[in-house]
Amino acid sequence: MFDNKGNLIIVSGFSGCGKGTIVSELINRYDGYVVSVSATTRKPRVNEVYGMHYFFKTEAEFEEMIKNGDLIEYARYVDNYYGTPKVYVENMLQAGKNVILEIEVVGAKKIKELYNDAVTIFVMPPSIAKLKDRLKNRATEDENSLKERFDRSKEELKYARYYDYILVNDNLDFAVEDMHSIVCAHKHKTKFNEEFLDEIKNELDKV
Ligand code: 5GP
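To keep things clear, this report deals only with the structure shown in the data block. (Residues numbered from 1 in each chain as written. Predicted model: local features only at pLDDT ≥ 70, side-chain atom pairs only at ≥ 80, totals over all residues. Heavy atoms only, no water.)

All right, on to the environment of glutamate 104 then. As for its position among the elements, glutamate 104 is in the loop between β7 (98–102) and α4 (105–114). On a C-alpha basis, the gap between glutamate 104 and tyrosine 82 in space is 8.8 Å, while along the polypeptide they are 22 residues apart. With residues up to four places along the chain from it excluded, the contact list for glutamate 104 reads Ser12, Ala75, Tyr77, Arg152, Glu156 and Tyr163. Of the polar contacts made by the side chain of glutamate 104, one reaches the backbone nitrogen of glycine 107; its length is 2.7 Å. A polar contact of 2.5 Å, which involves the side chain of glutamate 104, links it to the side chain of arginine 152. (Helix = DSSP H or I, 4+ residues; strand = E, 2+ residues; numbered from the N terminus. Contact = heavy atoms within 4.5 Å. Polar contact = N/O pair within 3.5 Å; in protein donor to acceptor, adjacent residues only side chain to side chain.)

Okay, structure coming up:
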């Protein structure tokens, strides 16, 4: 049957598009998923917990991780470093888990080059007006950081067309189900089932 290695799922999207909420809900609803916890030099927001939301690091600590080869990829996003720890991702893939990386576009491109079987999903807000409302209600960023994040969104949009899927987050329930469907369909791609086809061929040859 299918090889039991897990799939790598890259989820990107503008700041405030709701990608984190979709991913959390996906994990609540379905078994077999884990989310990679990134390292960052960004300061924790209220309610953010070390090791759960991020591994919060100083610049020096982060640069040490880069030097030691502890990260699969890293990128700068609005004045901070963000990076994906290698060991956890590799172990979880080997254990057959679907590993979700919620990362920005530059890191996503690097990961796709390293793991070309990864599926890439870009989450879009239904409109920019709704995105603005969400960010205002979330109230995690000051005016300056909000502007920087919108500027960055303009850059990120240029990368969106290279993703395998665009997922519009208009309704959380539908977005979660659609994300799960994308992952399931990806697993059934012919290229992941070549060994199985060979097994069937061997069996047929014996008939
Ligand atoms: P935030 O500060 O809002 O938590 O994250 C800012 C951006 O960094 C988001 O687009 C988020 O997906 C991205 N990000 C989080 N972790 C990583 C990571 O490990 N690598 C990269 N390249 N981007 C990340």
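Grouped together as the largest cluster of nonpolar side chains are 39 residues, with contacts concentrated most on Leu8, Ile9, Ile111 and Met179. In this view, leucine 8 contacts Val89, Leu93, Val99, Leu101, Ile111, Tyr115, Ala118 and Val119; residues no more than four positions away in its chain are not counted. Among the nonpolar cores identified, the runner-up in size contains five residues, and Phe62, Met65, Leu71 and Tyr81 belong to it. (Core = buried A, V, L, I, M, F, W, Y, C linked by side-chain atoms within 4.5 Å. Buried < 20%, exposed > 50% of the residue type's maximum accessible area, 1.4 Å probe, protein only.)

This part takes up the sheet that holds strand β3 (residues 38–40). Ordered in space as β4-β3-β6-β5, the four strands form an open sheet in which the pairing is mixed. Each of the sheet's edge strands pairs with one partner strand only, and the pair in question is β4 (54–56) and β5 (71–77). Neighbour-to-neighbour, the strand axes of the sheet open up by a mean angle of 25°, direction not taken into account. Note: β3 against strand β6 (residues 80–85), two bridges, orientation antiparallel. Note on β6: the bridge partner recorded for alanine 39 is glycine 83. Lying on the sheet, helix α3 (residues 86–94) is in contact with β5 and β6; it crosses β6 at an angle near 35°. (Pairing = 2+ DSSP bridges. Axes fitted to C-alpha atoms, helices over the stretch in contact; angles between N-to-C directions.)

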